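What follows is the residue order along each chain.
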Amino acid sequence: MGISRRAKHRRTAIFRRDGYRCVYCGLVFSDKELTVDHVQPRVKRGDHSPGNLVSACVRCNTDKGGRAAWDYLRSRPTQRQNFLRYAVHVWARLRRAVQDAGR
């Protein structure tokens, strides 16, 4: 069973919006090398809204796992800077959580 047409469209829209860049490592990838990451995971009450979704390479998304972005980025200052530089469309409250995690 493949992903729905709606999910494919959302995925492509997120990649385009983020410039096909992983918001964590900052590198640009092809669409086949990217995944859509939930900044606040679904299991932690995150949703599928564009303000909670970012482009992430397979490696970074696998490394992040099911953690919230602020937990993942707490001890990763370079990736946190990349996130704050490139994830400009993320909800303000989620960006604040990432900023606060670095303090």
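Below: a short report on this structure. All of these numbers come straight from a predicted model, not from anything done at the bench. (Residues numbered from 1 in each chain as written. Predicted model: local features only at pLDDT ≥ 70, side-chain atom pairs only at ≥ 80, totals over all residues. Heavy atoms only, no water.)

**A look at the state of the cysteines**
Right, so step 1: Following the criterion strictly, the structure yields zero disulfides and no others.
Right, so step 2: Among the cysteines around Cys25, which has no disulfide bond, Cys22 carries the closest sulfur, lying 3.7 Å off.
Right, so step 3: Cys25 sits in the partly exposed class, given a relative accessible area of 26%.
Right, so step 4: Looking at the unpaired Cys60, the closest cysteine sulfur is the one in Cys57, lying at 3.6 Å.
Right, so step 5: Accessibility expressed as a relative area gives 8% for Cys60, which makes it buried. (Disulfide = S-S within 2.5 Å. Buried < 20%, exposed > 50% of the residue type's maximum accessible area, 1.4 Å probe, protein only.)

**Some points on the environment of Gly19**
Right, so step 1: Of note, Gly19 is situated in the loop between helix H1 (5–17) and strand S1 (34–38).
Right, so step 2: On the accessibility criterion, Gly19 (38% relative accessible area) is partly exposed.
Right, so step 3: In this structure the C-alpha to C-alpha distance between Gly19 and Phe29, which are 10 residues apart in sequence, comes to 9.1 Å. (Helix = DSSP H or I, 4+ residues; strand = E, 2+ residues; numbered from the N terminus.)

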